[in-house]
Amino acid sequence: MQRLRSRQQFQVAMAGSPVAKTAHFALHRSPVDGPAGAAPAAAGRPLFPVTAPWLGVVLPKRWAKRAVTRNAIRRQIYESVRPLSGQLPVAVHVVRLRAGFSREQFISASSDVLKRAVRAELAQLWSRAGLGAPAGNPSHVG
């Protein structure tokens with residue numbers, strides 16, 4: 001699994017509408033070998049030099065104000081996709097936080113309760129995208 005790094009890569013992946021949504025997340029997907037994926041970057045290199053699944057995460061500060069919360073959510077996203085790596089199609093995937101988690105319900109910025117809620121919702125997101133529930137223990141918060 002490759003990670004998105006450049007702004008251009010994120011723009012290509014998020015150009016279309018989301019393929020799956022939950023209350024807090026949206027999943028955008030774009031083909032790697034399509035016309036946008038084959039477009040060269042500014043330096044003349046292709047945007048996606050490896051034909052493999054690519055993953056990026058967008059966590060706006062407006063929805064997760066504290067860095068510790070953003071980092072905890074980011075880690076949960078990458079961990080949730082690890083068991084699915086063999087099922088992911090060769091495409092560019094971006095998981096975007098589209099709503100904030102309630103500070104009244106999740107008082108601690110990095111609590112196990114928040115991590116479990118994020119993991120459960122990510123499992124829903126992946127299943128709505130047609131990737132099935134990840135194998136293993138969904139209550140593990142890593």
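Our structure is the block above this text.
Residues numbered from 1 in each chain as written. Predicted model: local features only at pLDDT ≥ 70, side-chain atom pairs only at ≥ 80, totals over all residues. Heavy atoms only, no water.

## As for the environment of Arg-3
Note the cut-off: Going along the chain from the N terminus, every DSSP run of H or I of four or more residues is numbered as a helix, and every run of E of two or more is numbered as a strand.
Tracing the sequence through the fold places Arg-3 in strand S1 (residues 2-3). Linking Arg-3 and Leu-55, residues 52 residues apart in sequence, is a C-alpha distance of 4.9 Å.

## What to know about the packing of aromatic side chains
Test applied: Ring pairs are drawn from Phe, Tyr and Trp, using the six-membered ring of Trp, whenever the two centres fall within 6.5 Å, and their geometry is named by plane angle: stacked under 30 degrees, edge-to-face over 60, tilted for the rest. Whether a residue is buried, partly exposed or exposed follows from its accessible area with a 1.4 Å probe, protein chains only, as a fraction of its type maximum: under 20%, in between, or over 50%, in that order. Placement of a positive charge over a ring is assigned whenever Lys NZ or Arg CZ falls within 6 Å of the ring centre and within 35 degrees of the normal to the ring plane.
Going through the model one piece at a time under the given rule, you end up with three aromatic pairs. Aromatic side chains Phe-48 and Trp-54 sit 5.3 Å apart centroid to centroid with 70° between the ring planes, which places their arrangement in the edge-to-face category. Note on accessibility: Phe-48 and Trp-54 belong to one class, buried. Taking 5.9 Å as the distance between ring centres and 80° as the angle between the ring planes, the aromatic pair formed by Phe-101 and Phe-106 counts as edge-to-face. By relative accessible area, Phe-101 is classed as buried at 14%. When its relative accessible area of 10% is taken as the criterion, Phe-106 is described as buried. Here the aromatic cluster, defined as three or more aromatic residues joined through ring pairs, consists of Phe-25, Phe-101 and Phe-106. Sitting over the ring of Tyr-78, Arg-3 keeps its end group 3.7 Å from the ring centre.

## A short note on the sheet that holds strand S2 (residues 20-21)
Operational definition: Here a strand pair is declared whenever DSSP counts at least two bridges between the two strands. Working rule for contacts: check all heavy atoms of both residues, and any pair within 4.5 Å makes them a contact. In this analysis an axis means a line fitted to C-alpha atoms, helices contributing only their contacting stretch, and an angle means the value between N-to-C directions, from 0 to 180 degrees.
Reading across from one edge, S1-S4-S5-S3-S2 is the order of the five strands in this open sheet, with mixed pairing throughout. Each edge of the sheet is formed by a strand with only one pairing partner; in this case those strands are S1 and S2. For S2 and strand S3 (residues 25-31), the ladder comprises two bridges, and the chain directions are antiparallel. When the bridges of S3 are listed, Ala-20 appears paired with Leu-27. Across the sheet, helix H2 (residues 67-81) lies against S1, S3, strand S4 (54-58) and strand S5 (91-97), angled at about 155° from S4, the strand it touches most.

## With respect to the pairing of S3
For S3, the tally of buried residues reaches five of seven residues, placing the bulk of the element in the interior. Relative to S5, S3 runs antiparallel, the two sharing seven bridges. In the sheet register, Pro-31 faces S5, and the bridge partner there is Ala-91.

## What about the nonpolar core?
Applicable threshold: Among buried residues, the Ala, Val, Leu, Ile, Met, Phe, Trp, Tyr and Cys ones that are joined through side-chain atoms within 4.5 Å form a nonpolar core.
Formed by 24 residues in total, the largest nonpolar core has its most connected members in Phe-25, Ile-73, Ile-77, Val-95, Phe-101, Leu-122 and Trp-126. Secondary structure elements with two or more residues in this core: S3, S4, H2, S5 and helix H3 (112-128). The element best represented in this core is H3, accounting for five residues. Judged by nonpolar contacts, the second largest core, of ten residues, contains Leu-4, Phe-10, Val-32 and Leu-47.

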